[in-house]
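# Fold and contact review
Now for the letters of each chain:
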Amino acid sequence: QVQVVESGGGLVQSGGSLRLSCAASGSVFIINSMGWYRQAPGKQRELVATMTSTGRTNYADSVKGRFTISGDNAKNTVYLQMNSLKPEDTAVYYCNLDLYMVHIRTLNNYWGQGTQVTVSS
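Residues numbered from 1 in each chain as written. Predicted model: local features only at pLDDT ≥ 70, side-chain atom pairs only at ≥ 80, totals over all residues. Heavy atoms only, no water.

Moving on, we get to the side chain of Glu-6. Considering the arrangement of structural elements, one finds Glu-6 in strand β1 (residues 3-7). Despite its burial, Glu-6 pairs with no opposite charge; the closest candidate is Arg-45, at 7.6 Å N-O. Among the polar contacts made by the side chain of Glu-6, one reaches the main-chain amide nitrogen of Gln-113 at a distance of 2.9 Å. Here Gly-114 takes part through its backbone nitrogen, which lies 2.7 Å from a polar atom of the side chain of Glu-6. (Helix = DSSP H or I, 4+ residues; strand = E, 2+ residues; numbered from the N terminus. Buried < 20%, exposed > 50% of the residue type's maximum accessible area, 1.4 Å probe, protein only. Lys, Arg positive; Asp, Glu negative; His and termini not counted. Salt bridge = Lys/Arg side-chain N within 4 Å of Asp/Glu carboxyl O. Polar contact = N/O pair within 3.5 Å; in protein donor to acceptor, adjacent residues only side chain to side chain.)

Listed below in structure tokens is the structure:
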């Protein structure tokens, strides 16, 4: 049973920084691709950043130059460094992972439970 747990959210002032973490555990797997999404109240969930196994990254225009996605395969952990935060970044942030399950040789997709980020003006 794979578990995906985010942490690092909180309340920060405009212009501040936060680093979100997403840790996967519970089975033998390889992280194939990773992503962060967010959902603000009354809005649809939207892509923030993604990274493939080859290191190719993609960012939403609204976060380019401010957010950085990275991963540590040894720790099975994915990060989102968020700098120069703005009130419009306020949302629940979700981690999404494509994991190659070594024992059953399948590629499965997992979501974390979300972590709240609130940016005050």
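Resuming the write-up.
Most peptide bonds take the trans form, and the phi angle of most residues other than glycine is negative. Phi angles above zero are rare outside glycine, and Ser-84 is one such case at about 50°. Residue Ser-84 is classed as partly exposed on the basis of its relative accessible area, which comes to 43%. The phi angle at Arg-105 is positive, at roughly 55°, despite the residue not being glycine. Among the structural elements, Arg-105 can be located in the loop between β9 (91-101) and β10 (106-111). For Arg-105, a relative accessible area of 67% puts it in the exposed group.

Before going further, it helps to examine the layout of surface pockets. Taken as a whole, the largest pocket spans an internal volume of roughly 190 Å³. If you go around the largest pocket, you meet 13 residues; those closest to its centre are Arg-38, Ala-40, Lys-43, Glu-46 and Glu-88. (1 Å grid on protein atoms, 1.4 Å probe; cavity = no way out; pocket = protein on both sides within 12 Å on 5 of 7 lines; lining within 4 Å. Points joined across faces, edges and corners; volume = space filled by probe spheres on them.)

Moving on: the environment of Leu-85. Tracing the sequence through the fold places Leu-85 in the loop between β8 (77-82) and β9. For Leu-85, a relative accessible area of 1% puts it in the buried group. Residues Leu-85 and Val-63 lie 22 residues apart in sequence; the distance between their C-alpha atoms is 9.1 Å. Residue contacts for Leu-85: discarding those within four places in its chain leaves Val-12, Ser-14, Gly-15, Gly-16, Ser-17, Leu-18, Arg-66, Phe-67 and Val-119. (Contact = heavy atoms within 4.5 Å.)

This next bit is on the pairing of strand β4 (residues 29-39). Of all 11 residues in β4, 8 are buried, a share of seventy percent or more. Bridge analysis of β4 against β9 gives 10 bridges, and the strand direction is antiparallel. When the sheet's bridge partners are listed, Phe-29 is paired in β9 with Met-101. Counted along the chain from β4 to the antiparallel partner strand β5 (residues 46-52), the turn is 6 residues long, and its residue Gly-42 has a positive phi close to 75°. (Pairing = 2+ DSSP bridges.)

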